[in-house]
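Here is how the chains run, residue by residue.
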Amino acid sequence: MRDDGVRRDHLPFHRLSEAGVLALARGDGDGAVVAELLSAERSRRLLLLRALDDELSRAAPPPRRADPVGERPVRYAEAWTLLTRAQRRSPEAFEDVLMSPNTGMWVSLAVRRTRGRAYEEAPCWVVVGHLAALAAAAAARAGLDFSITVPVRGGLVPLPTLGCAVLPDGKAWSTALVTGDEGHLRISGAGGEVEIVPPWDVRVPGWQPRRRLTLGSGERAMTLVLEDLDPYRTFPRSSEPRPLPEPEAELWASLLADAWDMVQRDDPENAEAMRRGLMSLTPAASRERFRPYSSTAGDAFGALTASRPDDVAQLAATLVHEFQHTKLGALMHLEALTVPPPEPPTPEHLLYAPWRDDPRPLGGVLQGIYAFLGVTRFWRAHRQATAPAYAPTAHFEFALWRTQVWSTLNAVRGHEQLTPLGHRVVESLHARCAEWMADEVPAAELRLAQESAEDHLARWRAHHLRPPAAAVDEAVRAWRHGAARPPSSLAAEPSLVPDTEACFLDGAAVLARHRLGDPDGPWRRAAAHHDGDAGEVDGADTADVLLAGGDSAGARAAFVARLTRRGAPVAAWAGLGRALAADPAHRAASRLLLRHPERARALQDALEAATGRRADPVRLAAWLGSGGTATR
């Protein structure tokens with residue numbers, strides 16, 4: 001692997017077929033397209049391994065103290081040699097180790113570590129020494145006889161794609177000797193030894209095998225690893241192996257089997273792609289209901305991390321969502337979709353993303369568009385196939401994400417930072433989403449989706465946008481002098497000032513899901529209390545719950561009470577705007593608070609600073625929105 005005799009300037013470039021580009025640009029891509037992406041990812045990993053080898057070759061030999069004192073050090077040259085032997089003996093075993101998502105994550109982080117960027121607490125010799133663990137796993141699978149020293153993390157010895165040995169070693173970082181004899185493995189370290197024989201998927205004392213699930217059956221079956229052992233299963237930082245309790249693993253296996261059946265039924269073309277390219281799922285801690293967590297990394301093609309879902313449909317949508325990220329990330333490894341912004345991006349390079357609390361650069365917005373277009377596609381089909389009791393939720397999800405994707409696509413079309421390929425992808429996605437805009441959705445679910453989208457944008461604006469300071473000062477003077485209308489300068493373009501305290505801006509959508517799934521459920525109890533905390537939904541209070549339950553008058557009173565007191569939540573301006581929407585006498589105020597809540601927030605804060613008092617929020621919004629006479 002050190003000297004392949006190939007001149008790098010003569011290496012061929014990977015190119016996607018025209019059919020592959022067309023499919024990916026529409027948000028699709030079958031198994032053949034994924035095979036093209038995987039081929040490019042394979043080359044990328046080999047190049048990263050070569051880059052790591054180059055960095056280690058150029059670096060001075062590490063001082064002895066860099067290795068565990070009194071133990072055999074990890075020798076990188078031995079690891080390279082053993083990995084090469086494994087590749088020659090069993091190319092298939094080598095490829096399985098190479099194309100494991102965790103290998104992609106590790107080699108990327110290892111290269112960065114050798115160049116001075118640390119993403120984990122482990123010493124450099126442990127990070128780079130993980131190459132020896134990869135070599136040991138590949139050699140074992142190839143049936144080689146070998147002996148090599150590998151890093152140990154708190155008594156845990158992960159062997160990628162095989163499992164993890166557990167030694168009685170209390171040190172944070174140490175080493176163990178892995179010996180292979182025709183597939184028989186002995187892992188020897190401080191205070192203990194573990195022996196395992198093929199097949200390595202059987203649990204024995206001191207050995208945690210990798211969990212490999214078979215979802216479905218026959219030609220439509222998919223193999224998926226339930227990953228809980230490899231330290232590079234999480235991103236952007238590694239994490240120590242944490243074997244799942246057996247009941248938890250069984251629950252995940254059941255949920256994934258049902259979710260896979262659902263994806264095959266409701267999104268068959270993309271199920272074919274996922275069968276080829278989705279390789280592992282790492283369970284994460286449970287989250288609040290209707291706020292699941294999931295993530296992927298471009299360096300870990302085929303892997304995703306996800307919290308335990310609320311139901312099977314949510315998990316199916318998560319699989320689709322994260323695999324969309326995987327496809328787009330692989331495409332972006334081949335050709336950029338955007339011109340890179342400054343690092344870190346300046347405010348003028350940040351945009352609104354309806355699925356985030358924070359402003360995002362264009363590249364991040366495109367990732368969200370691509371992922372949620374896949375989610376929209378899934379719910380579009382699923383709402384027609386699901387049980388009647390679940391249909392309202394499915395209609396709502398389709399309508400919400402269709403609205404969010406459509407508005408965001410329209411916002412980024414023609415953006416100056418898009419590359420030619422970026423323009424092509426955006427236009428193709430726009431055309432695809434346009435096909436769905438005429439699809440009928442029941443009126444109640446459509447209204448809830450529109451209100452949820454409107455609420456999120458209003459909350460985001462209230463948090464992150466600031467009217468010109470001079471215009472706010474002028475408006476304060478106008479209000480205090482009883483002017484009939486606010487100054488026109490207040491309508492100037494606001495500045496984007498990211499608010500790091502913004503969180504849970506999706507409260508309206510979460511409450512809508514509670515209402516659809518369990519109209520009289522415990523989420524409503526907050527309406528009977530006046531402590532300002534909804535309890536069931538983070539970021540929501542009594543006023544939000546009253547509004548979600550249809551009590552606009554009660555919600556209005558609660559929002560006014562909150563906004564009249566000091567320390568009022570920023571998001572309450574958006575809630576008041578929604579509470580006023582049903583009252584014809586306050587349409588102008590409602591419109592102002594839903595479209596430009598940042599003006600009301602800025603003026604109220606300035607009035608309080610100038611006078612020590614807060615204005616009546618409804619009258620203030622009416623003055624800002626309609627130009628009527630202000631009553632102080």
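About the criteria used
- Residues numbered from 1 in each chain as written.
- Predicted model: local features only at pLDDT ≥ 70, side-chain atom pairs only at ≥ 80, totals over all residues.
- Heavy atoms only, no water.
- Phe/Tyr/Trp six-rings, centres within 6.5 Å; stacked < 30°, edge-to-face > 60°.
- Helix = DSSP H or I, 4+ residues; strand = E, 2+ residues; numbered from the N terminus.
- Buried < 20%, exposed > 50% of the residue type's maximum accessible area, 1.4 Å probe, protein only.
- 1 Å grid on protein atoms, 1.4 Å probe; cavity = no way out; pocket = protein on both sides within 12 Å on 5 of 7 lines; lining within 4 Å.
- Points joined across faces, edges and corners; volume = space filled by probe spheres on them.
- Nonpolar A, V, L, I, M, F, W, Y, C, P; charged D, E, K, R; others polar.
- Pairing = 2+ DSSP bridges.
- pLDDT = per-residue confidence, 0-100.
- Contact = heavy atoms within 4.5 Å.
- Core = buried A, V, L, I, M, F, W, Y, C linked by side-chain atoms within 4.5 Å.
- Salt bridge = Lys/Arg side-chain N within 4 Å of Asp/Glu carboxyl O.
- Polar contact = N/O pair within 3.5 Å; in protein donor to acceptor, adjacent residues only side chain to side chain.
- Expected span 1.5 Å × (residues − 1).
- Axes fitted to C-alpha atoms, helices over the stretch in contact; angles between N-to-C directions.
- Parallel < 35°, antiparallel > 145°, perpendicular 65-115°, else oblique.

Draft legend 1. Broad picture of the packing of aromatic side chains. The full count for this structure, using the stated rule, is six aromatic pairs. A centroid spacing of 6.4 Å and a plane angle of 25° characterise the contact between Trp 379 and Tyr 390, whose relative ring orientation is stacked. Here Trp 379, found in helix H10 (residues 362–385), pairs with Tyr 390, found in the loop between H10 and helix H11 (391–412); they are eleven residues apart in sequence, far enough to count as distant. Here Trp 379 falls in the buried class, since its relative accessible area comes to 4%. With a relative accessible area of 21%, Tyr 390 lands in the partly exposed category. Here the aromatic residues Trp 355, Phe 372 and Trp 401 are joined through ring pairs into a cluster of three or more.

Draft legend 2. Just empty space enclosed by the protein, in detail. As enumerated under the stated definition, the model contains seven cavities of 30 Å³ or more in all. Here the largest cavity defines a volume of roughly 100 Å³. Elements supplying a minimum of two residues to the lining of the largest cavity: helix H13 (443–464), helix H15 (507–517) and helix H16 (542–548). Ranked by the residues each element gives to the lining of the largest cavity, the list is headed by H15, at four residues. In terms of residue class, the lining of the largest cavity is made up of six nonpolar, one polar and four charged.

Draft legend 3. Up close: the pairing of strand S1 (residues 146–153). Extensive coverage of S1 is indicated by the burial of seven of its eight residues. In this structure, S1 lies alongside strand S4 (residues 173–181), joined through eight bridges in antiparallel fashion. Bridge pairing in S4 links Arg 153 to Trp 173.

Draft legend 4. Expanded view of the confidence of the model for the chain. On average, the chain scores 92 in pLDDT, and the residues at 70 or more come to 94%. Contacts for the low-pLDDT stretch residues 1–8, under 50 throughout, to residues beyond four places or in other chains number 16 contacts.

Draft legend 5. Expanded view of the nonpolar core. Counting 140 residues, the largest nonpolar core has Trp 106, Phe 146, Ile 148, Leu 185 and Leu 256 as the members making the most contacts within it. It is helix H6 (residues 124–142) that provides the largest number of residues to this core, a total of 15 residues. Counting 34 residues, the second largest nonpolar core, distinct from the first, contains Val 472, Ala 589, Leu 603 and Leu 624.

Draft legend 6. Broad picture of unusual backbone geometry. Following Pro 198, the chain continues to Pro 199 via a peptide bond in cis, the omega torsion being -5°. Secondary-structure assignment places Pro 199 in the loop between strand S6 (192–196) and strand S7 (207–209). Positioned with a positive phi, Phe 504 is a non-glycine residue whose angle comes to about 55°. For Phe 504, a relative accessible area of 30% translates into the label partly exposed.

Draft legend 7. Structural detail: the pattern of salt bridges. Here the structure, examined in full by the defined rule, presents 40 salt bridges. The partner of Asp 439 in a salt bridge is Arg 380, and the shortest N-O contact between them spans 2.5 Å. Placement of Asp 439 in the loop between helix H12 (420–436) and H13 and of Arg 380 in helix H10 is noted, with a sequence separation of 59 residues between them. Residue Arg 380 is classed as partly exposed on the basis of its relative accessible area of 32%. Salt bridges linked by common partners bring Arg 447, Glu 451, Asp 455, Arg 459, Asp 544 and Arg 578 together as one network.

Draft legend 8. Representation of the environment of Asp 28 within the structure. Position of Asp 28 relative to the elements: it lies in the loop between helix H1 (18–25) and helix H2 (31–58). Along the primary structure Asp 28 and Pro 205 are separated by 177 residues, whereas in three dimensions their C-alpha atoms are 45 Å apart. Discounting chain neighbours no more than four positions away, the residues touching Asp 28 are Ala 23, Glu 269, Asn 270, Lys 327, Tyr 370, Arg 377 and Arg 432. At a separation of 3.2 Å, a polar atom in the side chain of Asp 28 contacts the side chain of Arg 377.

Draft legend 9. Local environment of the pairing of S6. In this structure, strand S5 (residues 184–189) lies alongside S6, joined through five bridges in antiparallel fashion. Along S6, the bridge assignment pairs Ile 187 with Val 194. Adjacent in sequence and paired antiparallel, S5 and S6 are bridged by two residues, among which Gly 191 carries a positive phi angle near 85°.

Draft legend 10. Quick look at helix H5 (residues 101–114). Between the first and last C-alpha of H5 there are 21 Å, a value that for 14 residues agrees with the 20 Å anticipated at 1.5 Å per step. Within H5, twelve of the 14 residues are buried, which leaves it mostly tucked inside the rest of the structure. The positive-phi residue at the C-terminal boundary of H5 is Gly 116, with phi of around 100°.

Draft legend 11. Inspection of the sheet that holds strand S12 (residues 303–307) at higher detail. Spatially, five strands are ordered S8-S9-S10-S12-S11 in an open sheet, and the strand pairing comes out mixed. At either margin of the open sheet sits one strand with a lone partner, and together these are strand S8 (211–215) and strand S11 (294–295). Bridge analysis of S11 against S12 gives two bridges, and the strand direction is antiparallel. Bridging across to S12, Ser 295 finds its partner in Thr 305. Against the sheet, helix H7 (residues 246–266) contacts S8, strand S9 (222–226), strand S10 (280–284) and S12, and its axis sits at roughly 30° relative to S8.

Draft legend 12. Representation of the packing of H1 against H2 in the model. Running from N to C, H1 and H2 point in directions that differ by 105°, and their axes come no closer than 10 Å. Considering the angle they form, H1 stands roughly perpendicular to H2. Note on element contacts: H2 touches H1 through Val 33, Glu 36 and Leu 37, opposite Gly 20, Ala 23 and Leu 24. A breakdown of the residues in the contact of H1 with H2 according to their chemical character gives four nonpolar, one polar and one charged.

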